[in-house]
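# Examination of the molecular architecture
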Amino acid sequence: MTIENKLDPVAASPAKAVHSRAPLVVAVVLAVLFALAPTVIKDQFTIQVLLQIVLFGALGAAWNLVGGFLGRVSFGHGVFVGVGAYTTILLLQHLKLTPLIGIPVGALISALLAYVVGGPTLRLSGHYFAMATIALLQIGLLLMINWDWAGGAVGLESPIGDAPWMLQFRSKVPYYWIAVGLGLVTFLVTYFLVHSRVGFYWRAINGDEGAARSLGVPADRYKMLAFVLSAALTGAWGGFFAMYVGFIDPDSMFSLTMSVQMVLVAILGGVGSLVGPWIGAALLLPLSEGTRVMWGSSGLGLDLLVFGLAILLVTMFLPGGLVTLRGRRGSA
């Protein structure tokens, strides 16, 4: 057995390797089923909820690289959503560049921003790191509000048309199919990262950074890598989200609420788990949208009450997230 196999428990056991690849098969099957949904479901509200499940599942999975596997809880990941969104719309409006270019450029700029701010912030841990990321988000919000070229506080609107190469569609269904494809790519990227030596080092740093350093793990390099990759994925989804909604402004893109939702879907599903954010999104988004539609117009706040109660029950009785239900059933 090689040294690499000793370090990688999946590679050391063929049986474990086969078992670990099962999520890939499940992900592909689910992606196909989701892609076929518009052929059966004609209700646009349901399609929108399914798209939001994919969107926030992917955002939670990107956040999970830092918050789950690395163990650095960020409440400011919305800044990368904003950077990706504004980059895509600005390139489209001012340079007439297709979002097929704008979205990757937004992901790249988000990664560069993470690299610049990651040096000082990743040295922090616990609530200090969380506070630093919130400060970064607020700085981004203030900058965009006062940047007139980027629309200022008024925001920007994407052109309306029917040009697939510009990601402009009259119907929301093509956006849904693009989201499903991007969601599958996001899952595959996170899967292969977590099951590589990179993911092994992340978990080692999360478990005991001092011990990992003593064993020769270049902790600073791999913490930066997690932050940069997480920011790039988040920025790419920010660009797609901007094209989907068609209008962006600083308050909606550099939003603390969106950042908290990324954290919530990961925590409810299971932090540090590949499927956790997706399970959390599958619970959180239908519950949020359903209660808002049923009781949001009553003015009594019943939708928020039910929504908050569900989160409270999960965190009280399943502190490890919904993914621990399988383990509990097995032990029983």
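## Remarks on the overall build of the protein
A tally of regular secondary structure across the protein gives 17 helices and two strands. The contacts of the protein with a sequence gap of at least 6 include a subset with a gap of at least 24, amounting to 74%. About 16000 Å² of surface is accessible on the protein, with carbon and sulfur atoms providing 71% of the total.

## Quick notes on the nonpolar core
Grouped together as the largest cluster of nonpolar side chains are 92 residues, with contacts concentrated most on Y86, W202 and F254. If you tally residues by element for this core, the top one is helix α5 (residues 44-70), at 17 residues. Among residues more than four places away in sequence, those in contact with F254 are G78, V79, G82, V83, Y86, L137, G140, L141 and M144.

## Describing helix α7 (residues 99-121)
The first and last C-alpha atoms of α7 sit 31 Å apart over 23 residues, in line with the 33 Å expected at 1.5 Å per residue. Of all the bends in α7, the largest measures some 25° and sits at Y115. Every buried residue of α7 is listed here: P99, G102, I103, G106, A107, S110, A111, A114, V117, G118 and T121. Among the structural elements, α6 (78-95), α8 (127-145) and α12 (219-245) are those in contact with the buried residues of α7.

## Overview of the packing of aromatic side chains
Scanning the entire structure with this criterion turns up 13 aromatic pairs. Both rings, one in Y86 and one in F254, keep their centres 6.0 Å apart while their planes meet at 40°; by these two values the pair is tilted. On the criterion of sequence distance, the pair formed by Y86 in helix α6 and F254 in the loop between α13 (250-253) and α14 (256-269) is long-range, its members being 168 residues apart. Ring geometry for Y175 against Y244: centres 5.9 Å apart, planes inclined by 75°, an arrangement best described as edge-to-face. Linking Y175 in helix α9 (residues 173-194) with Y244 in helix α12, this pair joins segments that are 69 residues apart in sequence.

## Digging into the side chain of S158
For S158, the location among the structural elements is in the loop between β1 (156-157) and α9. What makes S158 buried here is its relative accessible area of 8%. In contact with S158, not counting residues within four places along its chain, are I89 and G246.

## Things to note about the pattern of salt bridges
In the structure shown here, the tally under the stated rule is five salt bridges. A salt bridge links R213 to E209; its shortest N-O distance comes to 2.9 Å. You can see R213 and its partner E209 sitting in helix α11 (residues 209-214), four residues apart, about one turn around the helix. The partner of K223 in a salt bridge is D220, with the nearest N and O atoms 4.0 Å apart. On the criterion of helical spacing, the pair formed by K223 and D220 is a turn pair, its members being three residues apart in helix α12.

## Observations regarding α8
If you check α8, its first and last C-alpha atoms are 27 Å apart, about what 19 residues at 1.5 Å a residue would give, namely 27 Å. Among the residues of α8, those classed as buried are F129, A130, A132, T133, L136, L137, G140, L141 and M144. For α8, the secondary structure elements touched by its buried residues are α5, α6, α7, α12, α13 and α14.

## Topic: the packing of α5 against helix α10 (residues 197-207)
Taken N-terminus to C-terminus, the directions of α5 and α10 make an angle of 50°; their axes are 8 Å apart at the nearest point. With respect to α10, the axis of α5 lies oblique. Facing L65, G68, F69 and L70 of α5, the residues of α10 in contact are W202, R203, I205 and N206. Residue composition of the contact of α5 with α10, grouped by class: five nonpolar, two polar and one charged.

## Brief notes about the environment of L91
Within the fold, L91 resides in helix α6. Among the residues examined, L91 registers a relative accessible area of 15% and is labelled buried. Sequence-distant contacts of L91, that is, excluding residues within four places in its chain, are made with K96, L97, G102 and V105.

## Remarks on the side chain of T121
One can find T121 in helix α7. Using a relative accessible area of 15% as the deciding quantity, one classes T121 as buried. Those residues in contact with T121 that sit more than four places away from it in its chain are F129, A132 and F227.

## Some details on the environment of L30
Relative to the helices and strands, L30 resides in helix α4 (residues 22-40). On the accessibility criterion, L30 (44% relative accessible area) is partly exposed. The sequence separation of L30 and V180 amounts to 150 residues, and the corresponding C-alpha distance is 9.5 Å.

## Let's talk about the packing of α5 against α14
The axes of two packed helices give the description: the angle between them and the distance between them. Contact geometry of α5 with α14 gives a least axis separation of 8 Å together with a crossing angle of 80°. One way to sum up the angle between α5 and α14 is to call them roughly perpendicular. Between α5 and α14, the residues in contact are F56, L59, G60 and W63 and M258, Q261, M262, V263, V265 and A266, respectively. Among the residues making up the contact of α5 with α14, the classes are represented as eight nonpolar, two polar and no charged.

Basis of the calculations
Residues numbered from 1 in each chain as written. Predicted model: local features only at pLDDT ≥ 70, side-chain atom pairs only at ≥ 80, totals over all residues. Heavy atoms only, no water. Helix = DSSP H or I, 4+ residues; strand = E, 2+ residues; numbered from the N terminus. Contact = heavy atoms within 4.5 Å. Areas by Shrake-Rupley, 256 points an atom, 1.4 Å probe, with all protein chains shown as cover. Core = buried A, V, L, I, M, F, W, Y, C linked by side-chain atoms within 4.5 Å. Buried < 20%, exposed > 50% of the residue type's maximum accessible area, 1.4 Å probe, protein only. Expected span 1.5 Å × (residues − 1). Bend = angle between axes of the 7 residues up to and from the residue. Phe/Tyr/Trp six-rings, centres within 6.5 Å; stacked < 30°, edge-to-face > 60°. Salt bridge = Lys/Arg side-chain N within 4 Å of Asp/Glu carboxyl O. Axes fitted to C-alpha atoms, helices over the stretch in contact; angles between N-to-C directions. Parallel < 35°, antiparallel > 145°, perpendicular 65-115°, else oblique. Nonpolar A, V, L, I, M, F, W, Y, C, P; charged D, E, K, R; others polar.

In short, shape yes, function no, at least from these values alone.
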